[in-house]
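# Survey of secondary and tertiary structure
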Amino acid sequence: MSVKNKKILLIIGGGIAAYKSLDLIRLLKKNNNDVKAILTDSGKEFVTPLSITTLTKNKTFENLFDKNSEADIDHISLSRWADIIVVLPTTANFMTKLSLGKAEDLATTVILASNKDILLVPAMNVRMWIHKATQKNVKILQDYGYLFLGPEKGEMACGEYGEGKMASPRQIFSYLGNYFNKKDLFKKKRIKALVTAGPTREYLDPVRYISNESSGKQGYEIAHALNRLGIKTTLITGPSNLISKKEIKTKKIISANEMFEAVKKCLPVDIAICAAAVADFKPIIKSKTKIKKDNIKCKSIELERNRDIVEFLGKNNKHRPSLVIGFAAETENLNKNAFSKLRQKNCDLIVVNDISKKDSGLNSDYNRVSIIDNSGKIKVIKKNKKSFIANAIAEIVLDKFLINDRSFN
Ligand code: PMT
């Protein structure tokens, strides 16, 4: 798959594989892509600004404080200009800087200020790659949402053999082709998704409410993962401290009823993913003033059921999204209970999380889930970061659309 008519920002790092960046630039230019490059100080030991400028037909960017172009504020304008940023070779040292969030030169500052996807293409000695410190950095960076390609197994410039060889310019080129193909498919089709996240609050009076421990993390991560695929995503969220990306339309609500109304307003959509922990019940009476202790005569609160939002979507005759994914928070008989929820609410998939464990689920950075489809097929994802689980769900969404819609092929 080839990549055409895109704006690619390369960051060329300090490793012998830097020379391959020149071949990649040629390949990209031959296919009508606009290429700009930042050359790091250590990258300059391997390739020159002159060779890069000759091939890109653009100035080579080198300094954070450039008297000739700082009016453009390069560290902001470069990432806004690019469709993607590719770092090659990504050295062990550069990964450490990124995982620490450093902004000490133009390359690291552009990345920290970036609103675009960043593809890291590592290359280093095999021992450096498998070192625990490097692997820890890989995990941190994956969690931040950085994309990785390679490294490959092979003979390295140092003469040793193993994992550490940089992906070839051809491999990088076809990775970019696939990446943009997926993104453009969803964009072209104007695929729209809605995601619900967080808890709801059901007020008894102006200060007291019924709610739960949901933080919104799982739902926010899903919205971000869908957005990365190029899907126009609306996030409808209960009270949460999290901040969503600017590109995600975010509607904040408080109660289940408000969430239901916001979901209705958002229709029609193609995909609905309901990760919110919606309160099943609300107090029948909500006092306009704070209830005084002395005034409480009975010791029970009368409740009534809230509308079931995912069921409303799953059984919607007029605007049923073509993919409805519900969640199930369970402590026992996980798969059985989740599958009956899938049936009852007419979902296409249900993601069941085991909330009996303290180290995952509600208000944790981690989750352990099984994803069940309407034929009962189960995919288990062991304990992992919620961002990882969100990406796995986004991949399933992608597969479903590729299968369901022949014109996607
Ligand atoms: O927010 P986090 O801290 O990251 O935690 C994530 C999570 C554990 C809350 C999330 O992964 C999750 O499991 N969400 C669903 C929790 C839940 O309410 O499950 P349930 O089994 O009670 O509901 C089943 C499904 O019906 C859910 O998709 C829920 O959003 C939906 N529902 C429930 C009630 C209602 N009135 N309307 C609904 O749409």
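Criteria and thresholds
- Residues numbered from 1 in each chain as written.
- Predicted model: local features only at pLDDT ≥ 70, side-chain atom pairs only at ≥ 80, totals over all residues.
- Heavy atoms only, no water.
- Helix = DSSP H or I, 4+ residues; strand = E, 2+ residues; numbered from the N terminus.
- Buried < 20%, exposed > 50% of the residue type's maximum accessible area, 1.4 Å probe, protein only.
- Contact = heavy atoms within 4.5 Å.
- Areas by Shrake-Rupley, 256 points an atom, 1.4 Å probe, with all protein chains shown as cover.
- Lys, Arg positive; Asp, Glu negative; His and termini not counted.
- Charge placed at Lys NZ, Arg CZ, Asp CG, Glu CD.
- Expected span 1.5 Å × (residues − 1).
- Near = heavy atom within 4 Å.
- Polar contact = N/O pair within 3.5 Å; in protein donor to acceptor, adjacent residues only side chain to side chain.
- Nonpolar A, V, L, I, M, F, W, Y, C, P; charged D, E, K, R; others polar.
- Salt bridge = Lys/Arg side-chain N within 4 Å of Asp/Glu carboxyl O.
- Domains from an automatic or database assignment.
- Buried area = accessible area lost by both parts, 1.4 Å probe.
- Patch = residues over 30% accessible without salt bridge, like charges linked within 9 Å, V, L, I, M, F, W, Y side chains within 5 Å.
- Phe/Tyr/Trp six-rings, centres within 6.5 Å; stacked < 30°, edge-to-face > 60°.
- Lys NZ or Arg CZ within 6 Å of the ring centre and 35° of its normal.
- Pairing = 2+ DSSP bridges.

On a plain count of helices and strands, the protein comes out with 13 helices and 20 strands. A principal-axis box enclosing the C-alpha atoms of the protein has dimensions of 80 × 45 × 40 Å. The buried share among the 409 residues of the protein stands at 50%. In the protein, 67% of the contacts between residues at least 6 apart in sequence involve partners at least 24 apart. Summed over its atoms, the accessible surface of the protein is roughly 21,300 Å², and 50% of this surface lies on carbon and sulfur atoms. Taking the 70 positively charged and 43 negatively charged side chains of the protein as two groups, their mean positions are separated by 3 Å.

Side chains three or four residues apart in an α-helix point the same way, a direct result of the helix having 3.6 residues per turn. In this model, helix H7 (residues 132–144) (13 residues) spans 18 Å end to end at C-alpha, consistent with the 18 Å of a helix rising 1.5 Å per residue. Of the surrounding secondary structure, the elements contacted by the buried residues of H7 are helix H4 (92–100), strand S5 (118–122), helix H6 (126–130) and strand S6 (147–148). Where H7 terminates, the next one or two residues include Gly145, which has phi positive at roughly 100 degrees.

This part is about the site of the ligand. Neighbouring the ligand are 27 residues, the closest being Ser214, Ser215, Ala276, Lys341 and Asn353. In the environment of the ligand, an oxygen atom lies 2.6 Å from a nitrogen or oxygen atom belonging to the side chain of Asn353. Contacts to the ligand include Asn363, whose backbone N or O atom sits 2.7 Å from an oxygen atom. For the ligand, whose accessible area on its own is 770 Å², the fraction buried by protein is 95%. Among the elements of the structure, helix H9 (217–228), helix H11 (309–314), strand S17 (323–330) and helix H12 (334–345) are those that each provide at least two residues to the shell around the ligand. No other element matches S17, which puts 4 residues into the shell around the ligand. Of the residues that constitute the shell around the ligand, the class distribution is 11 nonpolar, 9 polar and 7 charged.

This paragraph deals with the pattern of salt bridges. What the rule picks out here adds up to 17 salt bridges. A salt bridge links Arg208 to Asp205; the nearest nitrogen and oxygen atoms lie 2.5 Å apart. Residue Glu261 is joined to Lys264 by a salt bridge in which the shortest nitrogen-to-oxygen separation is 3.5 Å. With Glu261 and Lys264 both in helix H10 (residues 256–266) and 3 residues apart, this pair spans about one turn of that helix. In the salt-bridge network here, residues are joined through shared partners; they are Asp41, Lys44 and Glu62.

Moving on, we come to the domain arrangement of the protein. We note that the domain assignment places domain 1 (7–156 + 163–184) and domain 2 (190–408) within the protein. Each of domain 1 and domain 2 has a C-alpha centre, and the two are 37 Å apart. Of the roughly 640 Å² buried at the junction of domain 1 and domain 2 (both faces included), carbon and sulfur atoms supply 43%. The largest per-residue losses of area from domain 1 upon contact with domain 2 belong to Asp143, Lys182 and Lys183, which jointly make up 67% of the total buried on that side. At the boundary of domain 1 and domain 2, one finds 2 salt bridges. Close ionic contact of Glu395 with Lys182 constitutes a salt bridge, the shortest N to O distance being 3.8 Å. Along the contact surface separating domain 1 from domain 2 lie 3 residue pairs in polar contact (both at pLDDT 80 or more). Class assignment for the residues of the side of domain 1 that touches domain 2 results in no nonpolar, no polar and 4 charged.

A separate point is a nonpolar patch on the surface. Together, Ile16, Tyr19 and Phe46 line one region of the surface with nonpolar side chains, adding up to about 310 Å² of accessible area. Locating Phe46 in the fold gives a position in the loop between strand S2 (34–39) and helix H2 (49–56). Take Phe46: its relative accessible area is 38%, and that puts it in the partly exposed class.

Here Ile111 is to be found in helix H5 (residues 106–112). The class of Ile111 is buried, set by a relative accessible area of 3%. For Ile111 and Ser79, which are 32 residues apart along the polypeptide, the C-alpha to C-alpha distance reads 7.6 Å. Other than its neighbours up to four places away in sequence, Ile111 contacts Ile11, Val87, Phe94, Leu98, Ile118 and Tyr146.

Next up on the list: the packing of aromatic side chains. In the structure shown here, the tally under the stated rule is 4 aromatic pairs. Judged by centre distance (4.9 Å) and plane angle (85 degrees), the rings of Tyr179 and Phe180 are edge-to-face. For the pair shown, Tyr179 and Phe180 are each scored as buried. Above the face of the Trp81 ring, Lys36 is positioned so that its terminal group lies 4.5 Å from the ring centre. One cation-aromatic arrangement involves Lys383 over Tyr366; the distance from NZ or CZ to the ring centre is 4.8 Å.

Turning our attention to the pairing of strand S4 (residues 84–90). The element S4 is extensively covered by neighbouring structure, given that 7 of its 7 residues are classed as buried. Sheet analysis places strand S1 (residues 7–12) next to S4, joined by 5 bridges and oriented parallel. In the strand pairing of S4, Ile8 is matched with Ile84.

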